[in-house]
Amino acid sequence: MQTDNLELKKLVYLYLMNYAKSQPDMAIMAVNTFVKDCEDPNPLIRALAVRTMGCIRVDKITEYLCEPLRKCLKDEDPYVRKTAAVCVAKLHDINAQLVEDQGFLDTLKDLISDSNPMVVANAVAALSEIAESHPSSNLLDLNPQSINKLLTALNECTEWGQIFILDCLANYMPKDDREAQSICERVTPRLSHANSAVVLSAVKVLMKFMEMLSKDLDYYGTLLKKLAPPLVTLLSAEPELQYVALRNINLIVQKRPEILKHEMKVFFVKYNDPIYVKLEKLDIMIRLASQANIAQVLAELKEYATEVDVDFVRKAVRAIGRCAIKVEQSAERCVSTLLDLIQTKVNYVVQEAIVVIKDIFRKYPNKYESVIATLCENLDSLDEPEARAAMIWIVGEYAERIDNADELLESFLEGFHDESTQVQLQLLTAIVKLFLKKPTETQELVQQVLSLATQDSDNPDLRDRGYIYWRLLSTDPVAAKEVVLAEKPLISEETDLIEPTLLDELICHIGTLASVYHKPPGAFVEGGRGVVHKSLPPRTGSSESAESPDTAPAGVPAADQPSVIPTQGDLLGDLLNLDLGPPVSGPPVATSSVQMGAVDLLGGGLDSLMGDESEGLRSDVGGSPAMGGGSGGFAPAPGTAVPSNTGAPLGSGLGDLFDLTGGVGTLSGSYVAPKTVWLPAMKAKGLEISGTFSRQVGSISMDLVLTNKALQVMSDFAIQFNRNSFGLAPAAPLQVHAPLAPNQSVEISLPLNTVGSVMKMDPLNNLQVAVKNNIDVFYFSTLYPLHILFVEDGKMERQMFLATWKDIPNENETQFQIKDCSLNADSVSSKLQGSNIFTIAKRNVEGQDMLYQSLKLTNGIWVLAELRIQPSNPSFTLSLKCRAPEVSQYVYQAYETILKN
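Summarised in this report is the structure supplied together with it. (Residues numbered from 1 in each chain as written. Predicted model: local features only at pLDDT ≥ 70, side-chain atom pairs only at ≥ 80, totals over all residues. Heavy atoms only, no water.)

## What about the sheet that holds strand β11 (residues 766-772)?
Two orientations exist for strands paired in a sheet by backbone hydrogen bonds: parallel and antiparallel. The sheet built from three strands is open, its strands ordered β8-β11-β12 with antiparallel pairing. The sheet is open, and its two borders are formed by β8 (718-721) and β12 (777-783), each paired with just one other strand. This sheet shows a mean twist of 25° between the axes of neighbouring strands, independent of strand direction. Bridging between β11 and β12 involves seven bridges; their strand directions are antiparallel. (Pairing = 2+ DSSP bridges. Helix = DSSP H or I, 4+ residues; strand = E, 2+ residues; numbered from the N terminus. Axes fitted to C-alpha atoms, helices over the stretch in contact; angles between N-to-C directions.)

What follows is the structure, encoded as structure tokens:
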């Protein structure tokens, strides 16, 4: 190690780097040599020493590294300074705290103003690397002065240095359009760089700052013109680079098609392009297609459709269809081109053509239906699910124009169970459409498909759709007609555009992997590193504020926020997927088999459609609703054996078997809100439901009042909850012992448990409910107070409380004001304890009472609270800390509710 030979020293240092990890104690012996080499007169050796020390990832060595590193950061030789700058980032990765304590970050920030451009670039690179792992720290605190220094260094540093500086500039937010323009002017020369990465980084900066320029500026037009040539030049590189360039161009064209609108020719496919380049070029051709160049594009696409590469031919045929939808004037030519291609009888060409013609029908109704006959000739050759589904859709949609539509659809029905789901769903809908258009001839066909879909299929989507149609047809054929044969909206031209907010984020990541995957970094970067959401600056003259209007400020009482309960219409989509088999009442643990009763939600009124009584279906455990033969009663299902392994949560159908308290104990003082009307009679054919929630001795219940305001008797009640944030589900069936006569009410307490399926709702405490009786199924939603989920063992040990409070990060703390509350600390404490909010400690600080409290939710989330009470002031301050901060708002509402009632 003591040698003066530079080559030999490099080899020794390399050896050290490799073996330091496995033998850290031996590596420490080399520290003195490092320290000595950092004082060497030769700058190469000084830099080599500091670089090697940074690469030895041994904790014990890092503390010895600080002094030499500090000297090298201030070294007179720029080569040593630039090496030291990178070393800081490496050291930060090993021991971030040490770097901050030693003040290295401030030294790095000073290096941004260094006279040597390479030092500036490396300092920027190091700071960017550190900022990525600590998104909250504002390390690269850029201002117009530092931006000016970076732009000066930009012209003189190496290509990778330029990339670091450009990426850093892209994160800067200019204060106005003049500053944005001056930065753009100084970055534009980078567009002519030989390195494609520099070009893409420069494009990223320009795309971002163009947002701030007004479109009326002359400079804006000049910039658009300057952006095209470098992008076109990238396409003359080798295929791999071309692909990356094309993926980025795809984003740019979606954001600003005017940049490349005159450059269509460069995206024409060459015979020797690899397939991945061809497909990407095709995509961009369609995005650039317009009335001006459509003739050229169509001629080109028709040529591609006769190539040998199957994937490429398929995409070309699809492209012709997309052009028809995008450029209306060309639709006629596109359709005739597609018909020519169908005449070739090449199987995969025909199938693709049928798929796109279906879309053309959707875009231009009643215009090109004359081609249906040609399509029907090719029915037998279709073997791909998408093409079969498209053809079935066409037959169902235009059944009245096709004489033998029923025969065609029947031919598909023969192998119903071998078809893919997509085809089965399409076939079901098409036959129902056909039945509504020609009811007399197709009654048997529709019965056949409905029984295939509901009785013989194990696909829940298909079963559900079958039941909905069955129900519609049997109760209200007019409504069925309105639903199934409704006017369809015209489809839009670009169905595969990237969603605008995601596009804006991807524009900020041009030249990175995100722009190749077309996914934000968070979607493919493991862990939390480097995932910072970026967005474009607001457009000039736009009224958008930087803050999003959706977020309500913390501490706003719930009453002032708009209620987010979905209307009856919104609920349907979600609740129709419900499996409305009733939950099971809990037998003692000893029994190992559970009797499942399956509810017939679809009974009644089916005979008219079916002719004879259909046989009641059996429902599996947690399966689909069973369908009784017009009786409307409970169809018994066979006893299903369930192993009694306590503690394992069972499927949604079973409810909570093992957590039911035997017998209701005495009331603990948990607050119960007065009952409110949840489902008004006018929305539920005369059934009015009002209710509230309560918690008694560890069990939650939903206390309901059912009132019959109709003129007929109501019976056969059942209830089901949609998935919700805390897994609330009925723990027993809804027991209404006698039929409910008109103008009669009945009170029921329905026990609930929290072992149902979980899905995060908005708002968090939203509960969507379906109630069924002999008349219909009704849907409503309600908000439950969170304190029914506060469990009895929510009192935390003092030491544990302190440790947890410190452990939860400060950004998870939220503060709220509870106004107009005139209780003293003791009565507050006892009132809250009744609802399982436990006081751990009480202190008096400068005349204020401080209560420290804990509570625990049924899903195991702990919430810690500090309640500040001033004797003279009716406003309390509540600070909540929790690892899941989204519950804090609802815990605060619970506090308000309990203290004010």
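## What to know about the pattern of salt bridges
A complete count under the given rule lists 35 salt bridges for this structure. Arg314 is the salt-bridge partner of Glu352, the closest N and O atoms lying 3.0 Å from each other. Separated by 38 residues along the polypeptide, Glu352 in helix α20 (residues 347-363) and Arg314 in helix α18 (residues 310-326) bring together distant segments of the chain. A salt bridge links Glu419 to Arg388; the nearest nitrogen and oxygen atoms lie 2.7 Å apart. In this pair, Glu419 sits in the loop between α23 (405-413) and α24 (421-437) while Arg388 sits in helix α22 (residues 385-397), placing the two residues 31 residues apart along the sequence. Classification of Glu419 by relative accessible area gives buried; the value is 14%. (Salt bridge = Lys/Arg side-chain N within 4 Å of Asp/Glu carboxyl O. Buried < 20%, exposed > 50% of the residue type's maximum accessible area, 1.4 Å probe, protein only.)

## Some remarks on the sheet that holds strand β5 (residues 676-679)
One open sheet accounts for five strands, arranged β5-β6-β7-β10-β9; its pairing is antiparallel. At either margin of the open sheet sits one strand with a lone partner, and together these are β5 and β9 (729-730). Relative to strand β10 (residues 745-753), strand β7 (residues 699-708) is paired through eight bridges, and the arrangement is antiparallel. Looking at the pairing, Met702 lines up with Leu750 of β10.

## Regarding the packing of helix α11 (residues 159-170) against helix α13 (residues 196-210)
It is at 9 Å that the axes of α11 and α13 come closest, and there the two elements cross at 15°. With respect to α13, the axis of α11 lies roughly parallel. α11 and α13 meet at a crossing whose hand is left-handed. From α11, Glu159, Trp160, Gln162, Ile163, Leu166, Asp167, Leu169 and Ala170 reach across to α13, where they touch Ala197, Val198, Ser201, Ala202, Lys204, Val205, Lys208 and Phe209. (Parallel < 35°, antiparallel > 145°, perpendicular 65-115°, else oblique. Left-handed = near helix turned anticlockwise from the far one by under 90°. Contact = heavy atoms within 4.5 Å.)

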